[in-house]
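# Coordinate inspection notes
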Amino acid sequence: IRLRNTARISASTEAIGEGGNLVIRAPGDITLQGDGSIAVATEGAGSAGTLRINAQNLTLDDGVILTAESQGSGDAGGIDIDLTGRLLLQGGTGISVSSERDATAGDIDIDAQRVVLRGGASLVAETDSGSGADINLRVGDRLVLSNSDISAATADGIGGNITLSDLNILDLNR
C-alpha cells in the first residue's frame, strides 16, 4: 500500500457513536509507505476503534504514520500488531496513540520476532490529562533502536508504561 500526497485511510467517529475497527491482514508481508496515515480516531464523545494488523512481516517507510487518536472526549482506540516475523520502521515513520482533554489513550501492543526502529522512527503513547497509554512489546528475538524513540508521556495525567518482554537482545545504537 503506497500512500501519497497525505492520503489517509481511517475509521472514525465525530459524535457519540463508537468508531469502527480498521483491520489489515495478509498471509505474507505488508509494506506501508508514503507521507500518509492509517488511523482510528474520534473527535466527539464516542470512543475510537482499534487498528489491527496481522501478517508475517510489516514494513513502514517514507513517513507513513499509524495512529489511534482522540481529539474529543471519547477514548482513543488502540493499535494491535501481531506478526510472525519482523516489524521494521524507518524513514521518519511512526506508530502513535494519543488523546486530548481527559480522554484515555489506547495501548500499542506489538508481538513480533524482531522489531527494528531506525532513521527517526518512533513508537509514542501520549495524553494531555487523561490516563496514559501503555506500549507493550513482545519480541521473540531482538529489539533494535537506531536514532529512534520509544516514549510514553503525559502532560498532566497518569503516565503510561513501556513493557519489553520475551526479548533476547536489546540493541541500542546511534
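My aim in this report is to walk through the structure given alongside it, one point at a time. Source: prediction; values computed, not measured.

### A short note on the side chain of serine 146
Tracing the backbone through its elements, the reader meets serine 146 in strand S14 (residues 135–146). You can call serine 146 buried: its relative accessible area is 16%. Engagement of the side chain of serine 146 in a polar contact is seen with the side chain of asparagine 173, the distance being 3.0 Å.

### A word on the sheet that holds strand S2 (residues 8–13)
Read across the sheet, six strands follow the order S2-S5-S8-S11-S13-S15 without closing on themselves; strand pairing throughout is parallel. Lying at the two open borders of the sheet, with one neighbouring strand each, are S2 and strand S15 (149–154). Pairwise comparison of adjacent strand axes, ignoring direction, gives a mean angle of 5 degrees for this sheet. Two strands pair when backbone bridges link them, and strand S11 (residues 94–99) and strand S13 (residues 122–127) are joined in this way by six bridges, in the parallel orientation. Of the residues in S13, the one forming a bridge with valine 97 is alanine 125.

### Focus: the pattern of salt bridges
Applying the stated criterion across every chain yields a total of four salt bridges. A salt bridge links aspartate 141 to arginine 114; its shortest N-O distance comes to 3.6 Å. One end of the pair, aspartate 141, is in strand S14; the other, arginine 114, is in strand S12 (residues 108–118), with 27 residues separating them in the sequence. A relative accessible area of 33% places arginine 114 in the partly exposed class. Across the pair arginine 142 and aspartate 171 runs a salt bridge, and its minimum N-O distance is 3.9 Å. Residue arginine 142 is located in strand S14, and its partner aspartate 171 is located in strand S17 (residues 169–173); the two are separated by 29 residues in the primary sequence. The class of arginine 142 is partly exposed, set by a relative accessible area of 24%.

About the thresholds
Residues numbered from 1 in each chain as written. Predicted model: local features only at pLDDT ≥ 70, side-chain atom pairs only at ≥ 80, totals over all residues. Heavy atoms only, no water. Helix = DSSP H or I, 4+ residues; strand = E, 2+ residues; numbered from the N terminus. Buried < 20%, exposed > 50% of the residue type's maximum accessible area, 1.4 Å probe, protein only. Polar contact = N/O pair within 3.5 Å; in protein donor to acceptor, adjacent residues only side chain to side chain. Pairing = 2+ DSSP bridges. Axes fitted to C-alpha atoms, helices over the stretch in contact; angles between N-to-C directions. Salt bridge = Lys/Arg side-chain N within 4 Å of Asp/Glu carboxyl O.

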